[in-house]
Every structure is written in structure tokens, then in C-alpha cells.
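Summary of the model geometry
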Amino acid sequence: RRTMSIETTERTKAVNVRKGFGIEDAKSDVYLAGFEHNPQLPIPDGDPNYVFDRRILRKVNNFLDNPRKDFLWMAGDAGAGKTSSILNIANRLNYPVVASNGSEDTMVSDFIGKTDLVNGTTIYSYGALAKAMKYGYIFLLNEMDRIPPGRLTVLHDVLDGLPLVLDDNGGEVIKPHKNFRFVATGNSTGNGDDTGLYSGVFALEMALNDRKRLIRVPYLDKEIEHKILRASEPDLEQSEGDDVVEKMVKLANMTRDRFLSGSDVDQPLSMPLTTRSLRKWAGLVVDYADTDNPLREGLEEAYTDSLKPEQRLAIHEIAEGIWGDAWGGNEL
């Protein structure tokens, strides 16, 4: 038994950049090539309130149009939105995606495939890379720089356009489909971590490093995060005041500055308040609108209760500096 998947066809759907991606100041006649919707394809879910970065959209689309035997590396700090940017672009284009997550324990078989014994029957299961190559999908390898580099040598031949041979599946030969694309994410740029923020990050071997195209993914601009919060939680400002969005985004950016500063600050953070957690906080504020302090209660659940006690105290002191007495002190 093999995983049921179907092959992609031609990218015949024209997706208007202004309407499909919300780039309001784009020219009305600019279109990107996508697939017709097919529910049998593994199209990632999209966020209807996602705000696209024009620069990233242009670079990702250029790669999808013409990979030139390269792979795309999305580099950025924790929570910057590397994976979400790819998934949301793919969603709008109906481009199927299969993904794997990298770690120090990742083996080649994890994304190529392996044979398992199930109820006495030998079954071969394709990994994400084999599926993507066979059917014409995007293979998304998250945290690629956490995989020991010696285990990634199989990717050299794949990127050169050579077939993948599945010895464990009777020597099946998978030639790269014309729509196959390889995208990776990582906290580094492929040269190891020189910031001290990310333990367990490896440098890519030179041969693989030389095959990448790099897109740096920064934390979102505050104006974009303002739009995201207002779109995703329209009741937020009605319950907490017109300036609540600006204050929440200000706090988020202050945590990111402290996280990136590392040991240069008195109380470094183990994790920043990401856009995902910021949206979670906003939603909880709306949920807890009838409580005494929905802002504080929501932040604790979305973010600060996951931190060490001294880090929690530091963040609540920052919040008190932003909201004043309305924050309610910093007792934890």
C-alpha cells in the first residue's frame, strides 16, 4: 500500500497579485502562475488575514517560476514567519506542499521513505522528499540547519536533476517532476550560528551551501502587525481602546530586541513574543473581556507563563511601563 497522492499538472491559473495577495498598490494587471484548485492535492491551509511582504513574495515566486537547480533557503530568527510565508504563498497559488522537520536525530529515511512491518505485511511509505519529487510538490524542510550535514548529501544529486533511487522499494527510480521545488528554513544562513542564540545549529557542507538561494525573513514591520491584529480581532480595540494594538505591538518588538541582544542585556529572553503569540494574546484579550485585567491575563497565557520567573517579571515590568497603573503591578 502506498500513500495516495496525485500528480500536479500545468500552472494554468492566473492569480492576481492585488486581489489574491492583498498587495493593494500592485498594478492591476500583474498575475502569478498557480494551479487550479484540486482537493486531492496537499494544499496547505492559508490564513485569510495574512499580510504579504512584497519583497518576499516576489523572490519566492521567482524561485517557483525558475529554480535553476537551486533550493530556496528562508533564513530568520525564531518566530519571524519563515514557514508561514511559504505556506501562505503556496495556499494562494494552490501549490501543494509536503513538509519535514529537521533535528539532530533526523535520518535520510525520514524524508526519503522507509519500509515498515504492519500487521505482518511489509509496507513502503514515501517520505516527503520522494512524494514531492514524484508528484511535483514543494518539499519544505524546516530547521534544515539542525540536521548533521553528512546526512544531507543525498540532496546534492537531487538538486542536480538526477533521479532518486529507492533501494528499499525494489529500486524504484523517481525522476524529478518539473514542478518539484525544494525550500528549506533555518535560524542561520547556512554557515552556522554566530549569534549564540541558537544551540544545535550546523553549517551546511560547501557543496550544498553553494546550491541555495537565500531570503532573509525579518520580524514583521509594526504597521503590518497592526493590520494583522485589527483584521484577526476586530473587537479588540472596541473593548480595550484605540491605542491597544500599538501598545501590544510595541511590547512584542521590545521582547524581540531583548531576545536578539542576548547576554548584552541584564535579563535576556529565551524566546520572543512572536507574531503567532501576539495574535494568540489578542484573541485571549477578547475572550477575557469580562475579567478584571484581560490584557495581563491574556499575555500570561499566551506568552509569559512559558518563561522563567525572572524573565516573566522583566516582561511584566516592561508592560507596566507601557500601560502604567492599568497593568496592575508586577506581582507574579
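Here, every reference points to the structure presented above.
A brief structural summary. As the structure is a computational prediction, the values presented were derived from the model and not from experiment. Numbering of residues starts from 1 in every chain and runs along the sequence as written. Given that this is a predicted model, residues contribute local features only at a pLDDT of at least 70 and side-chain atom pairs are listed and counted only at 80 or more, while totals for whole chains, interfaces and linings are drawn from all residues. Values reported for side chains reflect all heavy atoms of the structure, with hydrogen atoms and water molecules removed beforehand.

Looking only at helices and strands, one finds 13 helices and eleven strands in the chain. In terms of overall dimensions, the chain has C-alpha extents of about 70 × 45 × 45 Å along its principal axes. Taking all 332 residues of the chain together, the buried fraction comes to 48%. Note on definitions: a residue-residue contact is assigned when non-hydrogen atoms from the two residues lie within 4.5 Å. Here the analysis covers contacts within the chain between residues at least 6 apart in sequence; of these, 71% occur between residues at least 24 apart. Carbon and sulfur atoms form 45% of the exposed surface of the chain, whose accessible area is close to 16,400 Å². Counted as positive: Lys and Arg. Counted as negative: Asp and Glu, with His and the chain ends omitted from the count. Charge coordinates come from a single atom per side chain, which is NZ of Lys, CZ of Arg, CG of Asp or CD of Glu. Computed over 40 positive and 52 negative side-chain charges, the separation of the two mean positions in the chain equals 9 Å. The way it works is that DSSP assigns letters per residue, a run of H or I at least four long becomes a helix, a run of E at least two long becomes a strand, and they are numbered from the N terminus. Burial classes follow relative accessibility: with a 1.4 Å probe on protein chains only, a residue under 20% of its type's maximum area counts as buried, one over 50% as exposed, and anything between as partly exposed. Working definition of accessibility: Shrake-Rupley area with a 1.4 Å probe, residue cover restricted to the visible protein chains.

It is worth spelling out a negative patch on the surface at this point. Patch definition: residues with relative accessible area over 30% and no salt bridge; like charges joined within 9 Å; nonpolar side chains (Val, Leu, Ile, Met, Phe, Trp, Tyr) joined within 5 Å. Think of a salt bridge as a Lys or Arg side-chain nitrogen and an Asp or Glu carboxyl oxygen that are within 4 Å of each other. Negative charge collects at one region of the surface, where Asp-287, Asp-292, Glu-297, Glu-301 and Asp-305 lie side by side. One can find Asp-292 in the loop between helix H11 (275-287) and helix H12 (294-302). What makes Asp-292 exposed here is its relative accessible area of 86%.

Turning our eyes to something else, we now look at the packing of helix H10 (residues 244-261) against helix H13 (residues 309-323). Inter-axis angles, ranging from 0 to 180 degrees, are taken between N-to-C directions of lines fitted to C-alpha atoms, where helices are fitted over the stretch in contact. Following both chains from N to C, one finds H10 and H13 inclined at 145 degrees, their axes separated by 10 Å at the closest point. The crossing of H10 and H13 is right-handed. Contacts between H10 and H13 involve Val-244, Lys-247, Met-248, Lys-250, Leu-251, Met-254, Thr-255 and Arg-258 from the former and Ala-314, Ile-315, Ile-318, Ala-319, Ile-322 and Trp-323 from the latter. Handedness of a helix crossing follows the sense of rotation of the near helix relative to the far helix, less than a right angle counterclockwise being left-handed and clockwise being right-handed.

Here we take up the packing of H11 against H12. At a closest axis distance of 8 Å, the pairing of H11 and H12 adopts a crossing angle of 140 degrees. Regarding the angle of H11 to H12, the classification is oblique. The two elements H11 and H12 cross, and the hand of that crossing is right-handed. Residues Ser-277, Lys-280, Trp-281, Leu-284 and Val-285 of H11 form the contact with H12, whose own contacting residues are Pro-294, Leu-295, Gly-298, Leu-299, Glu-301 and Ala-302. As a working rule, the residues Ala, Val, Leu, Ile, Met, Phe, Trp, Tyr, Cys and Pro are called nonpolar, Asp, Glu, Lys and Arg charged, and the rest polar, with Gly in that last group. Partitioning the contact of H11 with H12 into residue classes produces seven nonpolar, two polar and two charged. Each angle is binned into one of four classes, with values under 35 degrees roughly parallel, values over 145 roughly antiparallel, values of 65 to 115 roughly perpendicular, and all other values oblique.

This part covers the nonpolar core. Nonpolar cores were defined as sets of buried Ala, Val, Leu, Ile, Met, Phe, Trp, Tyr and Cys residues, with membership established by side-chain atoms within 4.5 Å. In terms of nonpolar packing, the biggest core is built from 58 residues, with Phe-21, Val-60, Met-74, Met-248, Leu-251, Trp-281 and Trp-323 touching the most fellow members. The element contributing the most residues to this core is H10, with seven residues. Aside from chain neighbours lying at most four places away, what touches Leu-251 is Trp-281, Leu-299, Ile-315, Ile-318, Ala-319, Ile-322 and Trp-323. Within the second largest apolar cluster, 33 residues are counted, among which are Ile-112, Tyr-124, Ala-132 and Leu-141.

Moving on to the pattern of salt bridges. Using the criterion set out here, one finds 13 salt bridges in the structure. Where Asp-70 meets Arg-213, a salt bridge forms, and the shortest distance between an N and an O atom there is 3.1 Å. Linking Asp-70 in the loop between helix H2 (54-65) and strand S3 (71-75) with Arg-213 in strand S11 (residues 212-216), this pair joins segments that are 143 residues apart in sequence. Since its relative accessible area comes to 17%, Arg-213 is described here as buried. Among the ionic pairs, Lys-247 bridges to Asp-243, the shortest N-O distance being 3.2 Å. Because the salt bridges share partners, they merge into one network encompassing Arg-230, Glu-237 and Glu-246.

What follows deals with H11. Take the residue count of a helix, subtract one, and multiply by 1.5 Å to get its expected span. With 13 residues, H11 extends 18 Å from end C-alpha to end C-alpha; this agrees with the ideal 18 Å at 1.5 Å per step. When we look at burial in H11, the residues that qualify are Thr-275, Ser-277, Leu-278, Trp-281, Ala-282, Gly-283, Leu-284 and Val-285. Turning to H11, the residues buried within the fold contact helix H8 (222-232), helix H9 (236-240), H10, H12 and H13.

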